[in-house]
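# Per-entry structural report
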Amino acid sequence: MNQSLPAPLDVKLMNLTASVLFLCCVLLLLAAGGRWVLRYPGFSVARIVVQGELVHNNAVTLRANVAPQLAGNFFTIDLRAARAALEQAPWVRKALVRREFPGGLRVELQEHDAVAFWGGETGSALVNSQGEVFEANVGDVEQEGLPRLTGPQGSSAEVLQMHGVLQPLFEPLGMAVDALELTGRGGWRATLDTGAALELGGGTQQEVVQRTQRFISTLTGVAAQYQRRADALESADLRHAGGYALRLRGVTTVTAEAAAKK
C-alpha cells in the first residue's frame, strides 16, 4: 500500500515564496494598470451634455464654468462634487450627473422658477414654487408683478402658501396681494396692489381666511355708504373681535368743528 509522504520543509518554503512573489507581481501589475488608467488621455472627460429647460442658463456657459472644477477622468471623477459645482451656478436648483460612455457626462438640470421676491426691497432673494429661498440677479426675473413675501427665517414655504390662499379672495374685487408679511409674533400683514395696508391678525390659516372673507364680503357695502368704491380702501385692521376698522380715501370721521380746532 502506497502512502504519500509530506513534502519537505524546504519545498513548502519554496512554494510559499513562489506564491507570495506571484501575488506581488499581480498587485504591481494592477497598480501599474490603475496608474495608466488615471493618466491615459483617452479616458478623460471629453464632453458634457446638458439637458433641461434652461431659461436663465445655457449649456455652453455651464460647461465652461464647471469643467475647470472637475477633477479626474471618466472613471475617477467625483459625481457628487460635479453636481455640487453645477448647483452653485445661478438659478440652478438641482443637478443630476451621470457617466455616459465613452468619455462623457450627461447632466440634467432643473432651474428655479421664481414666483415671489423674498425679504427687503434691496435684497436679491427669491422664492420658487416649492417655497425655497434662493439668491439670484433679480434683473433676470422675466415675470412681472411678482409679490414680495417676508417672514422669519425658514418660513418662506408657509408665507407662500398663505399668499396662494389669500390671493383668490381679493380677485373678485379686482385687487391683488402685492406683499405679504409674517411677523415675528405670528401676525399677518398684507399690502394690496392699490396700496391699501391690511392687518390680518394671527391664528391658524383657517382663522385668518375667515376674517379676510368676512371683511371682503362687506367691504363693498361699507364703502358704498360713503359713496366710495372698494378700491378707495386705504387701510384696514381685522384684529378686532367681531369686526374690523378701516379707512377710506376721502372719508373722515372727524367733524368739521374738531378739524378746525387742530
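On a predicted model such as this, the values are computed, not experimentally measured, just so you know.

The next thing to look at is helix H5 (residues 205-225). Between the first and last C-alpha of H5 there are 31 Å, a value that for 21 residues agrees with the 30 Å anticipated at 1.5 Å per step. At Leu219, H5 is bent by approximately 40°, the largest bend along its length. Taken as a whole, H5 has its buried residues at Val208, Val209, Arg211, Thr212, Phe215, Ile216, Leu219 and Ala223. Each element contacted by the buried residues of H5 is listed here: helix H4 (156-170), strand E9 (188-192), strand E10 (197-201), strand E11 (233-237) and strand E12 (245-248).

Okay, the packing of aromatic side chains next. Two aromatic rings, taken as a pair, are described by how far apart their centres are and by the angle between their planes. Scanning all chains against the criterion turns up 2 aromatic pairs. Centroid distance Phe215 to Tyr244: 4.9 Å. Interplanar angle 85°. Geometry classified as edge-to-face. Residue Phe215 is found in helix H5, and its partner Tyr244 is found in the loop between E11 and E12; the two are separated by 29 residues along the sequence. Note on Tyr244: relative accessible area 24%, which makes it partly exposed.

With that out of the way, let us pick up the pairing of strand E8 (residues 177-182). Examined bridge by bridge, strand E7 (residues 148-150) and E8 share 3 bridges and lie parallel to one another. Each residue of the ladder has a partner; that of Thr150, found in E8, is Glu181. Both E8 and E9 contribute to a ladder of 5 bridges, which runs antiparallel. Within E9, the position partnered with Glu181 by the bridge is Arg189. Turn length for the E8-E9 hairpin, with the two strands adjacent in sequence and antiparallel, is 5 residues, and the turn residue Gly186 shows positive phi of about 90°.

As a further point, take the sheet that holds strand E5 (residues 125-128). Pairing in this open sheet of 9 strands is mixed, and the strands run E6-E5-E4-E7-E8-E9-E10-E11-E12 from one edge to the other. Two strands close off the open sheet at either side, each with one partner strand: strand E6 (133-135) and E12. Taking the axes of each pair of neighbouring strands and ignoring which way they run, one obtains an average angle of 25° across the sheet. Where H4 meets the sheet, its contacts fall on strand E4 (114-118), E5, E6, E7, E8, E9 and E10, and the angle it forms with E8 comes to roughly 140°.

When the pLDDT values of the protein are averaged, the result is 85; 81% of them are 70 or greater. Every residue in residues 254-262 scores below 50 in pLDDT, and together they form 2 contacts with partners more than four places removed in sequence or on other chains.

On the basis of which strands lie adjacent, the open sheet formed by 3 strands has the order E1-E3-E2 and mixed pairing. Of all the strands in the sheet, just strand E1 (47-51) and strand E2 (92-100) have a single pairing partner and so form its edges. For this sheet, the mean angle separating the axes of adjacent strands, direction not counted, is 20°. Summarising the sheet, E1 and strand E3 (residues 104-111) pair through 5 bridges and their orientation is parallel. In the strand pairing of E3, Val50 is matched with Val107. Here helix H3 (residues 79-87) sits on the sheet in contact with E2 and E3, set at roughly 145° to E2.

Basis of the calculations
Residues numbered from 1 in each chain as written. Predicted model: local features only at pLDDT ≥ 70, side-chain atom pairs only at ≥ 80, totals over all residues. Heavy atoms only, no water. Helix = DSSP H or I, 4+ residues; strand = E, 2+ residues; numbered from the N terminus. Expected span 1.5 Å × (residues − 1). Bend = angle between axes of the 7 residues up to and from the residue. Buried < 20%, exposed > 50% of the residue type's maximum accessible area, 1.4 Å probe, protein only. Contact = heavy atoms within 4.5 Å. Phe/Tyr/Trp six-rings, centres within 6.5 Å; stacked < 30°, edge-to-face > 60°. Pairing = 2+ DSSP bridges. Axes fitted to C-alpha atoms, helices over the stretch in contact; angles between N-to-C directions. pLDDT = per-residue confidence, 0-100.

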